[in-house]
Amino acid sequence: MPSATSPELPKWKRPAQTTEDLPWADIVVIDLSIYGALGGKQKLAEQLRQAVEGTGFFSVIGTGFTDEEVTRQFAIGQSYFDRPLEEKNKPGLRCDFSKGNYFGYRAANEKKIMGTEVLDNIESLNIAKFIPELAQEPLDPYFEPFLPEIKGFSKRSLDIASKIFTLFALILELPEDYFSSKHAYDSVSEDHLRYMIYHPRTIAQDSLIQNTWSRAHTDFGSLTLLWSQNVAGLQIKTKTGDWKYVAPVDGGIICNVGDAMQFWSAGYLKSTIHRVIRPPKDQADGKRLGLFYFVRPGNEVDIAPADSPVLRRLGLIKEEGEGNERKKVTGLQYVRERVRDYHDHGDYADRKGKTFKVGNLEIEDEAT
């Protein structure tokens, strides 16, 4: 919610849900309000286990965020994107994909899609954590009046993620802080709060690119938080190879495992392939505004398989000297190289069947 000194903004109006009958994925909903209760974490961990062994996506409710706080963040994002391009796109405020740096502004209509003349329709703004070591990263002066509430929202987002990391640790029979300690707010990392908007295209344009608004991919970090916003289009690829829509959840945050968690868990936790396609007819003409928090490993953290009893019982990790020699890959190294590979070019091509690899870490890049 706005503080006493924050500017008033036009309110963001949550879009109506689609009336179309779509093939929805079966997404587990986890109520974090019982996290601190006796036995609460253990109960939630079992629910989360079912989610990650199923789709790899899940929703959390009971997070402590009010609807007013969430819609205020959407309003801030909406007001930012409503500004003229020349104000947002100034030198020094943009993402520097040549360095794999995803902090800052990314303009739409700069890259081709799948070798066609259709242009990318995504506009986004990524804000780094509010710690001294990241103070030099791009941040538009426009946000200055909103910084106290953005900073608070950013910190509380990672607090939610930390609870989920604790549940992952319980699932893998590791110390409770095994993953959360690798994602402390005061540690330098590529974490960011993101405002993102998809601009609508014509049916003719979308038909040339398989209705793609964001090509199939996995997320580059450890965990993604996406605040529910009602416009359909996000799909996950199921174990059977089918594409299913992710339904909105009132008051919920949609979460998914990222690449780093897949590597830490030796593949037990899956970084699920997902995409965004043209929304259904009753939603296709409007802009699709998104609010995210992307959690990345600490810059110096080694992304190495955890010595988990569960992973050992499943045969997913080996004893030292059993052919498991590996090269150290840090959080910063993996994320920067992944971002550079994905974005530092002029065409978001079809990468069906291709993989991305850093050291011994390899992930399926895209499957359609």
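Let us look at the structure shown here. (Residues numbered from 1 in each chain as written. Predicted model: local features only at pLDDT ≥ 70, side-chain atom pairs only at ≥ 80, totals over all residues. Heavy atoms only, no water.)

### Here's the deal with the side chain of Thr18
Which entries qualify depends on this criterion: Each helix corresponds to a stretch of at least 4 residues labelled H or I by DSSP, and each strand to a stretch of at least 2 residues labelled E; elements are numbered beginning at the N terminus. Distance and chemistry together define a polar contact, namely a pair of N or O atoms within 3.5 Å, with one atom able to donate a hydrogen and the other to accept it when in protein, and with adjacent residues in sequence counting only for side-chain atoms on both sides. In what follows, residue pairs with any heavy atoms lying within 4.5 Å of each other are defined as contacts.
Tracing the sequence through the fold places Thr18 in the segment before β1 (28-31). A polar contact of 3.1 Å, which involves the side chain of Thr18, links it to the backbone nitrogen of Glu20. A distance of 2.8 Å separates the side chain of Thr18 from the side chain of Asp282, its partner in a polar contact. Beyond its immediate stretch of four places on either side in the chain, Thr18 contacts Trp24, Ala232, Pro280, Asp282 and Gln283.

### Comments concerning the pairing of strand β15 (residues 355-358)
Walk down a regular strand and you will see the side chains alternate between the two sheet faces. Threshold: Using a 1.4 Å probe on the protein chains alone, a residue whose accessible area is under 20% of its type maximum counts as buried, one over 50% counts as exposed, and one in between counts as partly exposed. When DSSP finds two or more bridges between a pair of strands, those strands are recorded as paired.
Burial of β15 is one-sided: the residues Phe356 and Val358 facing one way are buried, the residues Thr355 and Lys357 facing the other way are not. As judged from the 4 bridges shared by β15 and strand β16 (residues 361-364), these two strands associate in the antiparallel manner. For Thr355, the partnering residue across the bridge sits in β16 and is Glu364. What sits between β15 and β16 in their antiparallel hairpin is a turn of 2 residues, with Gly359 showing a positive phi close to 55 degrees.

### Side note on the sheet that holds strand β7 (residues 212-217)
Stated precisely, the cut-off is as follows: Simply put, an axis is a line fit to the C-alpha atoms, just over the touching stretch for a helix, and the angle between two N-to-C directions goes from 0 to 180 degrees.
What the 4 strands build is an open sheet, ordered β7-β12-β9-β10; its pairing is antiparallel. Two strands close off the open sheet at either side, each with one partner strand: β7 and β10 (243-245). Adjacent strand axes in the sheet meet at a mean angle of 25 degrees, parallel and antiparallel pairs treated alike. Where β7 and strand β12 (residues 274-277) come together, 3 bridges link them in antiparallel fashion. Counterpart to Thr212 in the pairing with β12 is Ile277.

### What to know about the packing of helix α2 (residues 67-81) against helix α4 (residues 147-171)
Note the threshold: Note on angle classes: values under 35 degrees are labelled roughly parallel, values over 145 roughly antiparallel, values of 65 to 115 roughly perpendicular, and the remainder oblique. Should the near helix be turned anticlockwise from the far one by less than a right angle, the crossing is left-handed, and should it be turned clockwise, the crossing is right-handed.
The contact between α2 and α4 brings their axes to 11 Å, and the two run at 120 degrees. The angle between α2 and α4 falls in the class oblique. Considering how the two elements wind past one another, α2 and α4 form a crossing that is left-handed. Between α2 and α4, the contacting residues are Glu69, Val70, Arg72, Gln73 and Ile76 on the first element and Glu149, Ile150, Phe153 and Arg156 on the second.

### Points about helix α8 (residues 331-343)
Here is the rule we go by: Helix span, expected: 1.5 Å multiplied by one less than the number of residues in the helix.
Compared with an ideal rise of 1.5 Å per residue, which puts 13 residues at 18 Å, α8 spans 18 Å between its outermost C-alpha atoms and is within 8% of the ideal. Every buried residue belonging to α8 is among Gly331, Tyr334, Val335, Arg336, Arg338, Val339, Tyr342 and His343, and all of these are buried. Summarising the contacts, the buried residues of α8 are in contact with β3 (104-106), β7, α6 (259-264), β14 (347-348), β15 and β16.

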